[in-house]
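Architecture at a glance
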Amino acid sequence: MLQTEITNADRQLGRAIQKMCERPETMTRQEALRFIEDHRDELEVAFQGTTLAMAVVHVEHRLLWTAGLGNSTVAISTHTSDRIRPQAEKLCDIHTLRDSQEYSAVSSSHPDETIADKEMRVLGLSEVTRAIGNFHLKLPRDYLEYLFQYLPHTGPGGTPLKDYVSSIRSPPYISSRPSVRFVDLEPRWRSRPFLMLFTDGVDRLVDGSTVFNPGVHSGADPADVVASILFDKRGAFSDKLEAALGHKVDYRWDDVRANAIIGNLLGGADVERLERVLAAQSMEPAGDGRGVREAFRIDDTSLILCDLKYLYAKCANSAVPDKARSV
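Each residue is numbered by its place in its chain's sequence as written, counting from 1. Local features are withheld for residues below a pLDDT of 70 in this predicted model, meaning they are given only at 70 or higher, and side-chain atom pairs are given and counted only at 80 or more; totals for whole chains, interfaces and linings count all residues. Just so you know, side-chain values use all the structure's heavy atoms and leave hydrogens and water out.

Focus: the nonpolar core
Only buried residues count toward a nonpolar core, which is a set of Ala, Val, Leu, Ile, Met, Phe, Trp, Tyr and Cys residues joined through side-chain atoms within 4.5 Å. We call a residue buried when its accessible area falls under 20% of the maximum for its residue type, exposed when it is over 50%, and partly exposed in between, using a 1.4 Å probe and counting protein chains only. Counting 31 residues, the largest nonpolar core has Ile17, Leu43, Val122, Leu144, Leu147 and Phe148 as its most contacted members. A helix here means a DSSP run of H or I that spans at least four residues, while a strand means a run of E at least two residues long, and both kinds are numbered starting from the N terminus. Counting only elements with at least two residues in this core, the list comes to helix H2 (29-38), helix H3 (40-48) and helix H5 (141-146). Contact criterion: two residues are considered in contact whenever any of their non-hydrogen atoms come within 4.5 Å of each other. Setting aside residues no more than four positions away along its own chain, leucine 144 makes contact with His136, Gln149, Leu161, Tyr164, Val165 and Ile168. Core analysis: the second largest hydrophobic core is formed by 28 residues, Phe194, Phe231, Ile262 and Val277 among them.

Encoded structure:
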């Protein structure tokens, strides 16, 4: 049901665009620009798209459902029996052409076409193979050629959208079918399960090849690194984390755990790295839209943590009447 609801929501968005503009090929450039002006919000949502990482928790019955689209991560971390070393498990697949199964699935649907560019982007435009939106890669080519290309956006490196029109031969190239997972939390309950949801900006910081070490990949698992920082209070994993991140971890970074993790991914105890991050984020990009950010790229970096046992206790406590709670 969760998978169906997500897919249907995306389809409704696409149908709304097609209903508003049934035959984009009949519009002149000026008519297309006026149409965009009248329906900018809807067209922007349909064009830009989004990944998805979500979880539905029934804390009373200790049940968990997750869903993911694109390159954001849903993972769960628990303590092992030694109560020291955490274990992290990704609950949803990552949907990019760098995944061999995903590449095979997309390529087999378009056997006579070159699907990936050298950066493994779908037709040179999308880093993900599944998303909500991205309808310039889902709808017939006429929508990109006569409508979407006039939006104030470009492809990677500032390439005009019109240059991609000839590549659209047999859409859709992007799917909205999410990866879903059901987890019975009962066997994990004594191991203090933590739910972790984060965007690919976390992956990029752990990988390091587009941030501090251009072209050099750390090879570390982002979920494992996040879990290690989350649970390591005594520095037991400091050597492992330093090897993965290239800098020392500061366990006093922030009392808010999500902030502490992001801070340690960005530089931890390495003041020079943190200064480089602040300097890069304060600089304006060059005229081509790339500038300094291309060599020092920090993508959207969002992280959500949920202590499931704490959530259970809060929910149970809120269900108790005030008088009974005070006894």
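Next comes the rest of the write-up.
Quick notes on the sheet that holds strand E6 (residues 194-198)
A pair of strands is treated as paired once DSSP finds two or more bridges between them. An order of E4-E3-E6-E7 is seen for the four strands of this open sheet, with the pairing classed as antiparallel. One side of each edge strand has no neighbouring strand; the edge strands of this open sheet are strand E4 (86-90) and strand E7 (303-307). Taken pair by pair, the neighbouring strands of this sheet meet at an average axis angle of 20 degrees, ignoring direction. Judged from the five bridges that link them, E6 and E7 form a sheet pairing that is antiparallel. Directly across from leucine 195, in E7, lies its bridge partner cysteine 306. Here an angle of 0 to 180 degrees is reported between the N-to-C directions of two axes, which are lines fitted to C-alpha atoms, with helices fitted over the stretch in contact. Here helix H9 (residues 257-266) sits on the sheet in contact with E6 and E7, set at roughly 135 degrees to E7.

Focus on the pattern of salt bridges
For this document, the term salt bridge refers to a Lys or Arg side-chain nitrogen within 4 Å of an Asp or Glu carboxyl oxygen. Tallying each qualifying case throughout the model produces 15 salt bridges. In this structure, glutamate 37 and arginine 40 form a salt bridge, with 3.4 Å as the shortest nitrogen-oxygen distance. For glutamate 37, a relative accessible area of 54% translates into the label exposed. Owing to a relative accessible area of 30%, arginine 40 belongs among the partly exposed residues under this scheme. A salt bridge links arginine 204 to glutamate 127, with the shortest nitrogen-to-oxygen separation between them at 2.7 Å. Remark: glutamate 127 occurs in the loop between helix H4 (100-109) and H5 and arginine 204 occurs in helix H6 (residues 200-207); sequence separation between them is 77 residues. Residue arginine 204 is classed as buried on the basis of its relative accessible area of 15%.

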